[in-house]
2 protein chains.
Amino acid sequence: MTEELAAEKRNHKMYGRASVMFDDPPYILSAASVVGKKESEGPLGTCFDCIESDSMLGRKTWEQAESELQTRAARLAVRKSGLSGGDIRYYFGGDLLAQLIATSFGSMELELPVFGVYGACSTMGEAMGLGAMTVEGGFADNVVVTASSHFASAEKQFRFPLEYGNQRPYSATWTVTGCGSVVIGKRREPEREYGGRRDEEEILRAAAGADEKRAGEKTRMSVPFAKIAGITTGKIVDMAVRDSMNMGAAMAMAALDTVLRNFHDLGVRETYYDRIVTGDLGQIGKRLLTDYMAEAGYDIAERHLDCGILIYDAEKQDTHAGGSGCGCSAAVLCGYILPKIKSGEWRRVLFVPTGALLSTVSFNEGQSVPGIAHAVILEHAEEKNG
Amino acid sequence: MTEELAAEKRNHKMYGRASVMFDDPPYILSAASVVGKKESEGPLGTCFDCIESDSMLGRKTWEQAESELQTRAARLAVRKSGLSGGDIRYYFGGDLLAQLIATSFGSMELELPVFGVYGACSTMGEAMGLGAMTVEGGFADNVVVTASSHFASAEKQFRFPLEYGNQRPYSATWTVTGCGSVVIGKRREPEREYGGRRDEEEILRAAAGADEKRAGEKTRMSVPFAKIAGITTGKIVDMAVRDSMNMGAAMAMAALDTVLRNFHDLGVRETYYDRIVTGDLGQIGKRLLTDYMAEAGYDIAERHLDCGILIYDAEKQDTHAGGSGCGCSAAVLCGYILPKIKSGEWRRVLFVPTGALLSTVSFNEGQSVPGIAHAVILEHAEEKNG
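Overview of the structure. The model shown is predicted, which means the values in this text are computed figures rather than measured ones. (Residues numbered from 1 in each chain as written. Chains lettered and ligands numbered in written order. Predicted model: local features only at pLDDT ≥ 70, side-chain atom pairs only at ≥ 80, totals over all residues. Heavy atoms only, no water.)

1. Details of helix α6 (residues 151-158) of chain A
Point 1. Counted residue by residue, α6(A) has six buried out of eight residues, so it is predominantly covered.
Point 2. Turning to α6(A), the residues buried within the fold contact α3 (62-80), β7 (142-149), β8 (174-175) and α14 (360-364) of chain A. (Buried < 20%, exposed > 50% of the residue type's maximum accessible area, 1.4 Å probe, protein only. Helix = DSSP H or I, 4+ residues; strand = E, 2+ residues; numbered from the N terminus. Contact = heavy atoms within 4.5 Å.)

This is how it looks when you write it as structure tokens:
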């Protein structure tokens, strides 16, 4: 590559202070979602690929169960892409647990080089951004990107033992037991497009492996397909929130910062997107975000959705402010958002997973709870004409 | 960019299953190291930029002290590069603490978009790989990459309260209090090279900020400079090691896997490198690595170094198997390795930070301790002639 070309290319990609728009956008070739029983009983219950009615997933500990969610989702995403494991170059993954153990133990079976990432509940956005840059930069043809959470491993990590039966304030969220995984890659030639050469049912049976029968009953094939047009990487926003039971407020300001930066970097406004979908702001965070956006001159009320609100029926399921966790936005992306983009119902979506940056140590030592939000610009992929 | 060019470019970059060789290698424009008192008393004591004799760094908790290490190292790296904060596009950082709190709170002051990464003690290698791809792919002109650890925050996180006075077996390592930070960017035109337009002392004074006087005494300017020729991303290697006090063994097999993969992907052998420098294998892990490499037909004994062995005098400093922690390889890279590459004493180095993937939860639940190692190929940068 000549130096001029490199320079030209560089200038094309960098937008503003934090955004990248891809010259040669990578594609989401496939997506898979695996969730628990409670998630299957929510409004999106029929959207997910696999429902695990056993919250231990046949393993001995909650942490191993979460690893199992990652293994199953990633394996299914790869199979649904029509690629073999050997076609995938890197695994980008993350979770909420200390030292990312769900990812370490969950990614192992795939035997891929691994990039562990941590952005709290914004992890799916961060990992997709890195994965997309890796593909578009020519460093990989295909990568798999995965993020997970598990209600019980998260409660153990961050809150109280389940046996304690702790009371939860209405501002608290409910950690989603779930995992979403996407394969990001260069677009295939038509004859090689995923699913094109293999019967969907066959892929599914293979993906389900030993658990074939149950998967046959519970699993449906969703065929999402979208283009990653660009990303806006979030910075850490500290509004001095000190209430770990009200993380929506901590994250709303980070979402505000990232969305406004995206508008500014790209020179667009809210009407550029059919939907702006945040990760897990919950009811309180949602109100804060829409109010502050309105104050900044953008009316997003009609086009804003929040994965944490979508995934549960708060009244019937007693989930208070909504769902949360890395797996919340990841599973809703794979099960609900991407299919709508593929069908063309939504042409352009700003996907903005949000994270609250705390640990029990930082919290107990009186530190604030800063937030972060990583945005991914997803577009409907037109039929390829040549 | 035409499709042919993109394809050609892609083929140029991807080597084997896990390695990338850059067409247009990014440079390490500057590096900064900040360490504690014990590290300053070791064999490399005179190599580091800043010695913090107060292990709390003026903060109230060990975790805040570690964040402060990151802030100081990153700020110093940016200042030493001769760039301003506005020239840096992204912050890649990681640490050992649950939910990366040292990084979240340590990176905040720089007000940059942040990618949090976790690879246990291999974090510096992982983050440099991602940072280098981001620059070479045209997504950023300059990024800052930082990894830290702190003896006291790590003991609290992984082992016993310091007050307990726990006995340590000889296979145990000592977590380094330290941080290394590099600025990775496109090479400047000669007149814009770092330090070229500013007096070094002036940069240093500015970097030291309020702590000016002490920094003036304790800090020296090191001017490392190297080219990142490529990377080899590690996969997770599980040898069913179950002894958290002997992590060198867990990591040695991961280092072996990554080094052999690097040789295989590039079609080279040990003589290609002047030095192969692992992160924190310690004495036991080093012996395992060299023995297994010899069995595979490669005699690396003469050219192998380990940051964990280099940083302390094990006999005099009672550090047993050696130093460890994300900050170990990061600080030794910045204080010791990069200056030798800049001077041309070493022309090509394979830098292989190593990580043991465990948490107290995974360990107490009887899970094994898998390892991971991420390699970065560093080369002496020739004088620019055009």
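2. Some remarks on the packing of helix α9 (residues 247-266) of chain B against helix α10 (residues 282-295) of chain B
Residues and elements named next belong to chain B.
Point 1. With their axes 8 Å apart at the nearest point, α9 and α10 run at an angle of 35° to one another. In this structure, α9 meets α10 at a crossing whose hand is right-handed. Judged by residue contacts, G248, A249, A252, M253, A255, L256, V259, L260 and F263 of α9 engage G285, L288, L289, Y292 and M293 from α10.
Point 2. Here the residues of the contact of α9 with α10 sort into twelve nonpolar, two polar and no charged. (Axes fitted to C-alpha atoms, helices over the stretch in contact; angles between N-to-C directions. Left-handed = near helix turned anticlockwise from the far one by under 90°. Nonpolar A, V, L, I, M, F, W, Y, C, P; charged D, E, K, R; others polar.)

3. A closer look at the side chain of S104(B)
Point 1. Mapping S104(B) onto the fold places it in helix α4 (residues 101-107).
Point 2. Once you skip the residues sitting within four places of it in the chain, S104(B) turns out to touch I236(A), L357(A) and Q99(B).

4. Re the nonpolar core
Point 1. Judged by nonpolar contacts, the single largest core of 184 residues is most densely connected at M128(A), V182(A), I337(A), M128(B), V182(B) and I337(B).
Point 2. The residues contacting I337(A), other than those within four sequence positions of it, are V277(A), C307(A), V332(A), W346(A), V349(A) and F351(A). (Core = buried A, V, L, I, M, F, W, Y, C linked by side-chain atoms within 4.5 Å.)

5. Observations regarding the packing of aromatic side chains
Point 1. For the coordinates displayed, the defined rule picks out 18 aromatic pairs over all chains.
Point 2. With a centroid separation of 4.1 Å and an interplanar angle of 5°, the aromatic rings of F151(A) and W174(A) are classed as stacked. Of the two residues, F151(A) is situated in helix α6 and W174(A) in strand β8; the sequence distance between them amounts to 23 residues. As far as burial versus exposure is concerned, F151(A) and W174(A) are alike and both buried.
Point 3. Ring geometry for Y336(A) versus W346(A): centroids 6.0 Å apart, planes at 80°, classification edge-to-face. With a gap of ten residues between them, Y336(A) in helix α13 (residues 326-343) and W346(A) in the loop between α13 and β14 (348-352) connect regions that are remote in the sequence.
Point 4. Just above the ring of W174(A) sits the side chain of K38(A); from NZ or CZ to the centre is 4.1 Å.
Point 5. Its guanidinium or amino end placed over the ring of W346(B), K340(B) lies 5.7 Å from that ring's centre, counting from NZ or CZ. (Phe/Tyr/Trp six-rings, centres within 6.5 Å; stacked < 30°, edge-to-face > 60°. Lys NZ or Arg CZ within 6 Å of the ring centre and 35° of its normal.)

6. A few points about the interface of chain B and chain A
Point 1. Each side of the interface is counted separately: chain B has 70 residues, and chain A has 70 residues.
Point 2. Interface area lost by chain B to chain A is led by R89(B), Q99(B) and F139(B), which between them contribute 13%.
Point 3. Remark: the boundary between chain B and chain A carries three salt bridges.
Point 4. Here K235(A) ties to E111(B) by a salt bridge, and the two come within 4.0 Å at their closest N and O atoms.
Point 5. Counting every contact that joins chain B to chain A gives 26 residue pairs in polar contact (both at pLDDT 80 or more). (Buried area = accessible area lost by both parts, 1.4 Å probe. Salt bridge = Lys/Arg side-chain N within 4 Å of Asp/Glu carboxyl O. Polar contact = N/O pair within 3.5 Å; in protein donor to acceptor, adjacent residues only side chain to side chain.)

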